[in-house]
Amino acid sequence: MRIIHRKLLRDLISLKGQVTAIAVVLAAGVMTLIIAVTTLDAISLTQDRFYGDYRFADVFVDLKRAPEGLAERLREIPGVDHVETRVSAPVRVEVPGYPDPIRGKLLSIPDGRQPTLNQLHLREGSLPEPGRDDQMLISEPFSEAHDLRPGDTLTAIIRGRLTTMTVSGVALSPEFVYQIGPADLLPDYERFGVLWMNRRALANAFGMDGAFNNAVISLQEEADAASVIDAVDALLTRYGGTGAHDRDDQASHQFLSMELDQLRVMAIFLPTLFLGVAAFLLNVLMGRIVRTQRQQVAVLKAFGYSNGDMAVHYGLLTGLIVLIGLVAGVGLGAWAADALAAVYMEYFRFPAISFRLQPQVLLLAVAVASGAAALGTFHAVRGAVSLPPAEAMRPPAPETFRQGWLERSRLGRFLDQPTRIIVRNLLRHRMKSGLSVLGVGLSGALLLVGSYQFGAVDDMLDKQYRLMHTMDVSLYFSEPTSAHAVAGLLHKPGVHFVEGFRSVPVRLANDGRDYRTTILGMDAEPQLRRLIDTRGQRQRLPREGLVLTDYLADYLGVRPGGTVRVEVMEGHRRTLEVALAATVSEPVGVSAYMERRALNNLMREGPAISGVWLLTDESRHAELYDALWDAPRIASIGLIGEAEAAIRDYIDDTVLVMMGVLLLLAGSITFAVAYNNARIAFAERARELATLRVLGYTRGEVGWILLGEIAALTLLAIPLGWLLGTGFALALSEAMSTELFRVPFVITPRTYAFGAAGVLVATALSVLLILRRLRGLDMVSALKTVE
Amino acid sequence: MPHANMPSRQVVFATQGVTKVYRTGEMIIHALRGVDLELYAGELTVMLGASGSGKSTLLNILGGLDSATDGQVRYGDQDLASGSDRMLTAYRRDHVGFVFQFYNLISSLTARENVAIVTEISRNPMRPEDALELVGMSERLDHFPSQLSGGEQQRVAIARAIAKRPAVLLCDEPTGALDSRTGIKVLEAIAHVNRELHTTTAVITHNVVIAEMADRVVRLSDGRVSDVHVNAHRKSPAELSW
Ligand SMILES: Nc1ncnc2c1ncn2[C@@H]1O[C@H](COP(=O)(O)OP(=O)(O)O)[C@@H](O)[C@H]1O
Ligand SMILES: [Mg+2]
């Protein structure tokens, strides 16, 4: 091996602390990229495969009832490839030993075989045997939640009759990748399940012999979905069709898309931020390492090594450090992405996860890392070689200091000599001090970005569930019901307060954009479901007109005073223009609201309600469920406490796990940067400090010069970190707003304190490590060696 | 003893009106104020002068480590003053051996490696072991600089300078940081190389005694050559004492 390479390896080993620090910074940046991009890729790739392999339909429609013969007419619509007609029915399910109400969605499959579209992936067991009416397939998450295996039984209340069913198998469907109950925001695997039965048996039980009430359709390539949907609607409206829709309005697909959108934002934003910061730090840190070797460069040059030789030498050094960081970053990143993808798979149910490292992502990581490191190295090497060797080799000339404000100011007189040294050093090396402050500040900012969402998410959920959704049980009736039902429910066990609401499925449209949602008709000042305006103030519902979540109003491009086209998707389907009266600010979901009687008027009906919200005595819930169980009109029972717990779990598992990883990375970066700063400060000052020791200064006094400088830089860096972090967090909040939720831009004092504490702890740890070196500072050799 | 300078007087270095001005901030320092000097093939020149008189500056310019502000510097038929960085690098690589006052060994390399790092890029070098033998350092081949005394480090530095068999050997206060016994050892190594390899040698010192080992003594004061003196008899370093 050439001696110069041996020098390289020895340098690498003797600089191991700093090399590790730089590699950590780089690895953290690369990890962020790999995690975000690979997780995104894994989920969307898995989705594509599942949809393709199991023939996920393109168009979906629900209707009241149509004769099976109509299927042929659907097939004849231009652009339609396959049509699968089905019977679908809501069902109540009881699992032995489980107290809470469970809602089921029963779907038919052709007797004894797989459907053409939305095929099932069998996890366990088999399809129901042909001709059997007592067997069903159940969805995997539901089976896991209740530990149900093939052969186990459960009870379904089909049209009021208790029927014992046997589980024939456990399945996954592309239709229920995200298995969510109607009107739910998040999955609840214990209280909602998808069940499949033979068509003949199901049709029989629900009086659907020779008929269907649901169809799914696949399109030919290049078919125009919109025109197919129109044709389907034209055909089915007579049969009570509630409007065909494409995948965008299919619940599972919609949620999956939103999640992917959010991941996509993170996949761009976070790596840009982390890799950007890492690149900047890499640039600075590599530059410093090379600068500490200025004298060695001069010696080698004096003996005839060329500038090119030096560039290659330090290029190799940089290359090795980058390689270490890259390998660690890619390895750990792939590992973490795999783990994170597995977390997502808890919520998105696929048969198997397709995981791959995309070469272009690796290439990007390599390019950014090498580019940034090379830039820093190049600058420093150029600086080192551009000096005549003679000059670079002189023991550093006493630097020029000038009489400044320090001497003139009154403050100056109170400072002891060591403190003067600190202040002068900082002022003399403004550029370098500035870069150190910026470096630590940036890593502090990353700490803030990694941690603010924890507080912000809490804030969001508190707002949603402590301020807005104050009911604890919600009931949906199977059909719109007279408002008199409220009085009856008040007498149920443990019920303190009842509030009725009307809920109408609609399609809102404006300006070429449309969105399917429901209009919630409520009292002008509902007690259990408050509306909050943008300033956090409680808002009354206006007597007329529509109120929208501001996010939805923005999406539709409409302001209060304008109008929205409302297409009613229930009962008599009609399209109306309704004025937008106001907007409300809500962090979770998007909704539309009206005063209940105004909505009743719109629907041309009497004072009807679709469901009620209850305030109950939690200790009497079991009694209450029993009582509600017997009420025939109740289609579903929702527990808000459970919903809140579910959404908190979901966010903890997905967003916050991701943020937790980032926080860890931000912490590593902070430590690496602080340590590096301290090391460099020590290396630069070693001679000076040794001299002072020789002159009789104590270790403590000498230590203060070093620590004081580091402390001063850190204290400057903290507010800068707050500032930068606030900016980053604001940008991230904006970027991550989705229909599902909009994490408010709230940075709590605790988050700021946390960011500052992170920087301080990292600095303190680094200083401790450096103090060990200071103790070992050999006065004589420090004065002698000139490298 | 036949003086190297006597028979041929072949000029190796010739400078004319060399000046060097340092500017640091508002300060302007005239380190050299017009130096005219010739150095001859194979001779050992000692440059004497008070601290700050410009000795190092001149030597650095001769060695291609620094460039003159004005004036001519010729090495053989090459013009160092107008040389490009590439040309100066080649010049240093192929012709010059330098010994620095503060040794400037590379701390992460052993004695042998500190020499080898130079011989690796030379055309016709000695084996590093031989070069170290020449300065009496055979016993310490695998020691790192931090494990060597000042005098030993300086001898490694000399071995490093001579290992490539340079045409010129430039030494900046090679004994400045050494006690006299060690200093004499170092000077012996230099004289030995000068004699055996006929290397044109210049040694800087502010120690007048050392001048007695020279063929010629050049005195610098205040950035100018104030006196050139030819020693009738060149002493061997062993005969010196201070
Ligand atoms: N790089 C430099 N920058 C500024 N002044 C310098 C530099 N190098 C040398 N000098 C000044 O030039 C003068 C001559 O220096 P030098 O040649 O090192 O003297 P000597 O080696 O004779 O002691 C001194 O006044 C010194 O301070
Ligand atoms: Mg000098």
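Residues numbered from 1 in each chain as written. Chains lettered and ligands numbered in written order. Predicted model: local features only at pLDDT ≥ 70, side-chain atom pairs only at ≥ 80, totals over all residues. Heavy atoms only, no water.

### Comments concerning the pairing of strand E10 (residues 224-230) of chain B
Residues and elements named next belong to chain B.
- Bridge count between strand E9 (residues 216-221) and E10: six bridges; the pairing is antiparallel. Bridge assignment links Arg216 to a residue of E10, and that residue is Val230.
- The antiparallel pairing of E9 with E10 creates a hairpin that spans two residues between the two strands, and Asp222 there sits at a positive phi of about 55°. (Pairing = 2+ DSSP bridges. Helix = DSSP H or I, 4+ residues; strand = E, 2+ residues; numbered from the N terminus.)

### Considering the pattern of salt bridges
Residues and elements named next belong to chain B.
- Enumeration according to the criterion identifies 44 salt bridges over all chains in this entry.
- Across the pair Lys235 and Glu212 runs a salt bridge, and its minimum N-O distance is 2.5 Å. Placement of Lys235 in the segment after E10 and of Glu212 in the loop between strand E8 (200-205) and E9 is noted, with a sequence separation of 23 residues between them.
- Using a relative accessible area of 30% as the deciding quantity, one classes Glu212 as partly exposed.
- Residue Arg234 is joined to Asp215 by a salt bridge in which the shortest nitrogen-to-oxygen separation is 3.1 Å. (Salt bridge = Lys/Arg side-chain N within 4 Å of Asp/Glu carboxyl O. Buried < 20%, exposed > 50% of the residue type's maximum accessible area, 1.4 Å probe, protein only.)

### Examining the domain arrangement of chain A
Residue and element names in this part refer to chain A.
- Taken domain by domain, chain A holds domain 1 (59-255), domain 2 (429-469 + 643-787) and domain 3 (495-616).
- Between domain 2 and domain 3, the C-alpha centre-to-centre distance is 46 Å.
- The interface of domain 2 with domain 3 comprises 13 residues on the first partner and 13 residues on the second.
- Counting the surface domain 2 buries against domain 3, the share from its top three residues, Met468, Glu739 and Arg742, is 50%.
- Our count for the contact surface shared by domain 2 and domain 3 stands at zero salt bridges.
- Remark: the boundary between domain 2 and domain 3 carries five residue pairs in polar contact (both at pLDDT 80 or more).
- Residue contributions to the side of domain 2 that touches domain 3 peak at five residues, all from helix H15 (residues 430-468). (Domains from an automatic or database assignment. Contact = heavy atoms within 4.5 Å. Buried area = accessible area lost by both parts, 1.4 Å probe. Polar contact = N/O pair within 3.5 Å; in protein donor to acceptor, adjacent residues only side chain to side chain.)

### Quick look at the nonpolar core
- With 226 residues, the main nonpolar core has Phe348, Ile651 and Phe741 of chain A together with Phe13, Met47 and Ile117 of chain B as its most contacted residues.
- Excluding residues within four positions of it along the chain, Phe13 of chain B makes contact with Leu37, Glu38, Leu39, Leu62, Arg74, Tyr75, Leu80, Tyr91 and Val168 of chain B.
- Listed in part, the 26 residues of the second largest apolar core include Ile158, Ala201, Phe206 and Met208 of chain A. (Core = buried A, V, L, I, M, F, W, Y, C linked by side-chain atoms within 4.5 Å.)

### Some points on the sheet that holds strand E7 (residues 168-172) of chain B
Residues and elements named next belong to chain B.
- Here six strands make up an open sheet; going across it, the order is E6-E7-E8-E3-E9-E10 and the pairing mixed. Sheet topology places strand E6 (96-99) and E10 at the edges, where each strand pairs with a single neighbour. Going across the sheet, the axis of each strand differs from the next one's by a mean of 15°, ignoring polarity.
- Of the strands in this sheet, E6 and E7 touch helix H2 (residues 85-95), which is tilted by about 80° from E6.
- Against the sheet, helix H5 (residues 150-162) engages E6 and E7, with an angle of about 170° to E6. (Axes fitted to C-alpha atoms, helices over the stretch in contact; angles between N-to-C directions.)

### Let's talk about the sheet that holds strand E4 (residues 70-75) of chain B
Residue and element names in this part refer to chain B.
- The strand order E2-E1-E4-E5 describes an open sheet built from four strands, whose pairing is antiparallel. Looking along the sheet, the strands with just one partner apiece sit at the ends: strand E2 (27-40) and strand E5 (78-79).
- Taken together, the 11 bridges between strand E1 (residues 11-24) and E2 define a ladder with antiparallel strand orientation. In the sheet register, Val18 faces E2, and the bridge partner there is Val35.
- Strands E1, E2 and E4 of the sheet are contacted by helix H1 (residues 55-62), whose axis makes an angle of about 60° with E2.

### Focus on the pairing of strand E8 (residues 161-172) of chain A
Residues and elements named next belong to chain A.
- In the sheet, strand E5 (residues 121-125) pairs with E8 via four bridges, with the strands oriented antiparallel. Looking at the pairing, Gly125 lines up with Gly169 of E8.
- For strand E6 (residues 135-139) and E8, the ladder comprises five bridges, and the chain directions are parallel. Bridging from a neighbouring strand, Leu137 pairs with Gly169 of E8.
- Where strand E7 (residues 153-158) lies against E8, six bridges are found, and the strand directions are antiparallel. The residue bridging Ala156 from the neighbouring strand is Thr163, located in E8.
- Where E7 folds back onto E8 in an antiparallel hairpin, the turn is made up of two residues, including Arg159, whose phi is positive at roughly 50°.

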